[in-house]
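# An overview of the molecular structure
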Amino acid sequence: MKNYPVPLKYIKGVGEKREQLLKKLGISSLYDLVHFYPRTYLDFSSLTDIVSIVPGTVCAFSAVVGYDPIEHKIRKGMTLYKTIATDGIAGVHITIFNSKYLADSLKQGQEYIFYGKVTAQNGSLEMANPIIEAADSECGMRAVYPLTAGLTSKILSKIIGNALTAYFEENAPVAVPDSVRSRYNLAHEQFALRTVHSPKNQGDLAVAKRSLIFEELLTLQVGMRRLKNHTRGKASLTIAEDFSGEFISSLPFTLTNAQSRVIAECIRDMQGERPMNRLVQGDVGSGKTVVAAALIYTAAKNGMQSALMAPTEILARQHYETLKKLCQGSGISIELLTGSLTPKAKKEVKERLSSGASHLAVGTHALLTEDTQFNNLGLIVTDEQHRFGVNQRGTLSSKGNNPHTLVMSATPIPRTLSLIIYGDLDISIIDELPKGRQKISTYAVDTSYRKRIYAFIKKHLDMGLQAYIVCPAVEEGENGLASATEYAEELSKKEFSSYKVGLLHGKMKAKEKDEVMSRFSSGEIQLLVSTTVVEVGVDVPNAAVMVIENAESFGLSQLHQLRGRVGRGTVKSYCVLISDNMSEGVRSRLDIMCKTNDGFAIADKDLELRGPGDFFGERQHGLPELNIASLTENMDIVRETAEASEAILKDDPLLKKQENLGLRLAVRRLFYDKNKHISFN
Ligand code: ADP
Ligand code: MG
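This is a predicted model, so every value here is computed, not measured. (Residues numbered from 1 in each chain as written. Chains lettered and ligands numbered in written order. Predicted model: local features only at pLDDT ≥ 70, side-chain atom pairs only at ≥ 80, totals over all residues. Heavy atoms only, no water.)

## A few points about the packing of helix 19 (residues 584-595) against helix 20 (residues 599-610)
- Running from N to C, helix 19 and helix 20 point in directions that differ by 170°, and their axes come no closer than 11 Å. It follows that helix 19 is roughly antiparallel to helix 20 by the angle criterion. Contact with helix 19, carried on its side by Ser 588, Arg 589, Ile 592 and Met 593, involves Ile 602, Lys 605 and Leu 609 of helix 20 and no other residues of that element.
- Residue composition of the contact of helix 19 with helix 20, by class: four nonpolar, one polar and two charged. (Axes fitted to C-alpha atoms, helices over the stretch in contact; angles between N-to-C directions. Helix = DSSP H or I, 4+ residues; strand = E, 2+ residues; numbered from the N terminus. Parallel < 35°, antiparallel > 145°, perpendicular 65-115°, else oblique. Contact = heavy atoms within 4.5 Å. Nonpolar A, V, L, I, M, F, W, Y, C, P; charged D, E, K, R; others polar.)

Structure, rendered in structure tokens:
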């Protein structure tokens, strides 16, 4: 019987020494070796006529050598060999540096293929140090691998060729089930792997790559979906009695259907054996906080503690105030734990948490410090998840015994992406705004409108409403972006001297920020000049106008978040985007903002315009490393594999069918490194 997997050194052409070199490239098995993909290719497959060569580009042409290369000793240690090569219509000067061996391989009157970069020198074309092949060789495309000292691409090609033979002899089940392969027109594994290492031409290569990328993304998505139901042990605390109705009836407003539905989904989770692991996505202003509050209330009434983690102090304090109000008279005691508490206050708070005297801790990262302990932490809510890494969430979870977790995200994420990024979470969507909300009217203007905008703001302040002006930077930068500090000063001295103007930026101390925010909340400050610290979560329903300076410097999703600071009550609200940038990209972004208020539609557009990079953030680091696929570049295949993985798991949730065996093994392999505790059996 064959040793499985074949130790690398027994692959033809490897041996002990190269086995070590391969290790340096991260290759430690036969599988790794055949999946070690070329960095790029030298393309001999499509030859160019010399007349149509564009100087400065890399190309291949076939041509006849005019004379044996002539040696020119330039100086000591530098010898040039020169000749010319023509294809009957035009010619290229060929220069070889120092390699007598290469020069000697060129013979007068013989035809060769030359590959390299062509430059224009004094009106004639020149190629220096070309890669040369015999004209009749069928070299197609040559793979170029990431290298380490001692291993050339040529050696690697050879070794990998042998490895492929050994690999296919093992007959390991293939990851992509046959039905999926034919449905999505994918190549057979053998063809794909052989071709990616030595393609005949670009067309074949494209087919091979698509198949391999598909395989990897399919494996990733199936794995993420399976994570949902795996790994989680039993919840230590479950809800015996549902008190959410009691809480809801105490509210001053009626919940939207979407809010009620999501609360019910969460309660059902928390009554089950497995801990809840759910993402709540809702557009800005859709009322996520009250959903969290209903769960926290129910948890407390069932005798379990909760933690609510927010990304900023401002937001933590706001949640604290909101929850205190919502839970008034219920006997639920709430703590605020942030970095700006005095050591003494912190200590007292922590004591009440570890003794179980308090039911809820609202805080920032301070909740993560080691000495914060809970008595019976049963529910963890993180708000605005995209600001937190997977690891931070994990740290908080470890403070309870398999607690229920709820992640609230205000960044609408296109469905295809959320299935990858949050594939391991159940997802609830609040797709409805509270009654009475009006569309926020949005306008994009240039700076010539400034006077009119100020007048517009004043009109609203005079009506007893409030406004924000957001600028991108704190202090004047070289790039001339409006500076919040100077701008606020100027406005309060001149244009708005008879109004109360406040300033908020990220470099202020937490205490100062809190103070400004609470003065704005209470209506004392009428106009708040701010940087993007107001972007996330801040809730002041009396604010009706949002002006964004240098709007071109924000992405779509960010603009949408900023805009979401107004229109949170029943008053008609406005958003004015100021930019003098007339570039098409900026115009189309601002245009979308003016046309729609729908966060999910905007997220889709953002994805289309800027690619998915912005959506991943920290979360991506929790995903297994990909070998050939790129989540940012292969969106079309991401979509296909999302659909395929859904269908596969629907039909065979545990991947127990014979045709899915290879996929099950591939998932196990892909997730093996990062999550050693996960076993996909
Ligand atoms: P977000 O989803 O952006 O976090 P919040 O939870 O801050 O939104 O809620 C936005 C505002 O809407 C808050 O002032 C909140 O009290 C209010 N609100 C939430 N749900 C409702 C509802 N069903 N009816 C009326 N107002 C609501
Ligand atoms: Mg919020």
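Having seen the structure, we can now continue with the description.
## Let's talk about the domain arrangement of the protein chain
- When the domains of the protein chain are assigned, the result is domain 1 (46-134), domain 2 (244-423) and domain 3 (441-596).
- Taking the mean C-alpha position of each, domain 2 and domain 3 sit 29 Å from one another.
- For the pair domain 2 and domain 3, the two sides together bury roughly 1300 Å², of which 59% comes from carbon and sulfur.
- Summed over the shared surface of domain 2 and domain 3, the number is one salt bridge.
- Note that Arg 317 and Asp 514 form a salt bridge whose closest N and O atoms lie 2.9 Å from each other.
- At the junction of domain 2 and domain 3, the tally comes to three residue pairs in polar contact (both at pLDDT 80 or more).
- Tallied by class, the residues present in the side of domain 2 that touches domain 3 amount to six nonpolar, four polar and five charged. (Domains from an automatic or database assignment. Buried area = accessible area lost by both parts, 1.4 Å probe. Salt bridge = Lys/Arg side-chain N within 4 Å of Asp/Glu carboxyl O. Polar contact = N/O pair within 3.5 Å; in protein donor to acceptor, adjacent residues only side chain to side chain.)

## Considerations on the site of ligand 1
- Near ligand 1 lie 17 residues; those nearest to it are Gly 285, Lys 288, Thr 289, Arg 437 and Asp 539.
- Note that an oxygen atom of ligand 1 is positioned 2.7 Å from one of the backbone N or O atoms of Gly 285.
- Here an oxygen atom of ligand 1 sits 2.8 Å away from a polar atom, N or O, in the side chain of Arg 568.
- Protein contacts shield 84% of the accessible area of ligand 1, which totals 560 Å² for the unbound molecule.
- Taken together, the residues of the shell around ligand 1 sort by class into five nonpolar, seven polar and five charged.
- Counting contributing residues per domain, the shell around ligand 1 is built from domain 2 (244-423) and domain 3 (441-596), each supplying no fewer than three. (Near = heavy atom within 4 Å. Areas by Shrake-Rupley, 256 points an atom, 1.4 Å probe, with all protein chains shown as cover.)

## Some details on the environment of Asp 431
- Mapped onto the secondary structure, Asp 431 falls in the loop between strand 16 (426-430) and strand 17 (441-445).
- Along the backbone, Asp 431 and Pro 653 are 222 residues apart, and their C-alpha atoms lie at a distance of 28 Å.
- Non-local contacts of Asp 431, meaning those with residues more than four positions away in its chain, are made with Ala 258 and Arg 261.

## Quick word on the side chain of Thr 256
- Along the chain, Thr 256 falls in the loop between helix 8 (244-249) and helix 9 (257-271).
- The contact partners of Thr 256, leaving out residues within four places of it in the chain, are Glu 432, Leu 433 and Pro 434.

## A look at the packing of aromatic side chains
- All chains considered together, the criterion is met by twelve aromatic pairs.
- Relative to Tyr 145, the ring of Phe 36 has its centre 6.0 Å away and its plane inclined at 15°; by these criteria the two rings are stacked. Of this pair, Phe 36 sits in the loop between helix 2 (30-34) and strand 1 (40-43) while Tyr 145 sits in the loop between strand 9 (141-144) and helix 4 (153-170), placing them 109 residues apart in sequence. Across this residue pair, the class does not change: Phe 36 and Tyr 145 are buried.
- If you follow Lys 458 out to its NZ or CZ, it ends over the ring of Phe 496, 5.5 Å from the centre.
- A cation sits over an aromatic face here: Arg 669 above Tyr 31, 3.8 Å from the ring centre. (Phe/Tyr/Trp six-rings, centres within 6.5 Å; stacked < 30°, edge-to-face > 60°. Buried < 20%, exposed > 50% of the residue type's maximum accessible area, 1.4 Å probe, protein only. Lys NZ or Arg CZ within 6 Å of the ring centre and 35° of its normal.)

## Here we look at the confidence of the model for the protein chain
- For the protein chain, the mean per-residue pLDDT works out to 87, and 91% of the residues sit at or above 70.
- Confidence drops under a pLDDT of 50 for residues 674-681, and excluding neighbours within four residues, the segment shows 20 contacts in the predicted structure. (pLDDT = per-residue confidence, 0-100.)

## Some points on the sheet that holds strand 17
- With parallel pairing, six strands are arranged side by side in an open sheet as 17-22-21-18-20-19. Two strands in the sheet have a free side with no partner beyond their single neighbour: strand 17 and strand 19 (501-504). For this sheet the average axis-to-axis angle between neighbouring strands, irrespective of direction, equals 15°.
- Pairing analysis gives five bridges linking strand 17 to strand 22 (residues 574-578), with the strands arranged parallel. Across the sheet, Tyr 443 pairs through a bridge with Val 576, a residue of strand 22.
- Here helix 15 (residues 450-462) sits on the sheet and contacts strand 17, strand 18 (466-470), strand 20 (527-530), strand 21 (543-548) and strand 22; the angle it forms with strand 21, its principal contact strand, is near 160°.
- Together, strand 18, strand 19, strand 20 and strand 21 form the strand contacts of helix 17 (residues 510-521), whose direction differs from that of strand 19 by roughly 140°. (Pairing = 2+ DSSP bridges.)

## Considerations on the pattern of salt bridges
- Summed over all chains, the structure comprises 26 salt bridges.
- Salt-bridge contacts for Arg 450 lead to Glu 549; the nearest nitrogen and oxygen are separated by 2.4 Å. Of this pair, Arg 450 sits in helix 15 while Glu 549 is found in the loop between strand 21 and helix 18 (556-563), placing the two residues 99 residues apart along the sequence.
- On the basis of relative accessible area, Arg 450 is assigned to the partly exposed category, the value being 24%.
- With a closest N to O distance of 3.1 Å, Lys 657 and Asp 651 form a salt bridge.
- Because the salt bridges share partners, they merge into one network encompassing Arg 261, Glu 265, Asp 269, Arg 278 and Asp 431.

## Topic: helix 17
- The end-to-end C-alpha distance of helix 17 is 16 Å, a good match for the 16 Å that twelve residues give at a rise of 1.5 Å each.
- Within helix 17, burial applies to Ala 510, Lys 513, Asp 514, Val 516, Met 517 and Phe 520. One side of helix 17 carries all its buried residues, which in axial view fall inside an arc of 165°.
- Tucked inside the fold, the buried residues of helix 17 contact helix 11 (313-326), strand 18, strand 19, strand 20 and strand 21.
- Phi for Gly 523, located one or two positions after helix 17, is positive at around 95°. (Expected span 1.5 Å × (residues − 1). Arc of directions from axis to C-beta.)

## Let's talk about the side chain of Gln 221
- By the secondary structure assignment, Gln 221 is in helix 7 (residues 202-229).
- Judged by its relative accessible area of 1%, Gln 221 is buried.
- Each residue touching Gln 221, except ones within four places of it in the same chain, is listed here: Ile 420, Val 638, Thr 641, Ala 642 and Ser 645.

## Some remarks on the packing of helix 9 against helix 10 (residues 288-301)
- One way to put it is that helix 9 packs onto helix 10 with a least axis distance of 10 Å and a crossing angle of 35°. The handedness of the crossing between helix 9 and helix 10 is right-handed. Here Gln 259, Val 262, Ile 263, Cys 266, Ile 267 and Met 270 of helix 9 lie close against helix 10, whose contacting residues are Val 290, Val 291, Ala 294, Leu 295, Thr 298 and Ala 299.
- Here the contact of helix 9 with helix 10 is built from residues that sort into ten nonpolar, two polar and no charged. (Left-handed = near helix turned anticlockwise from the far one by under 90°.)

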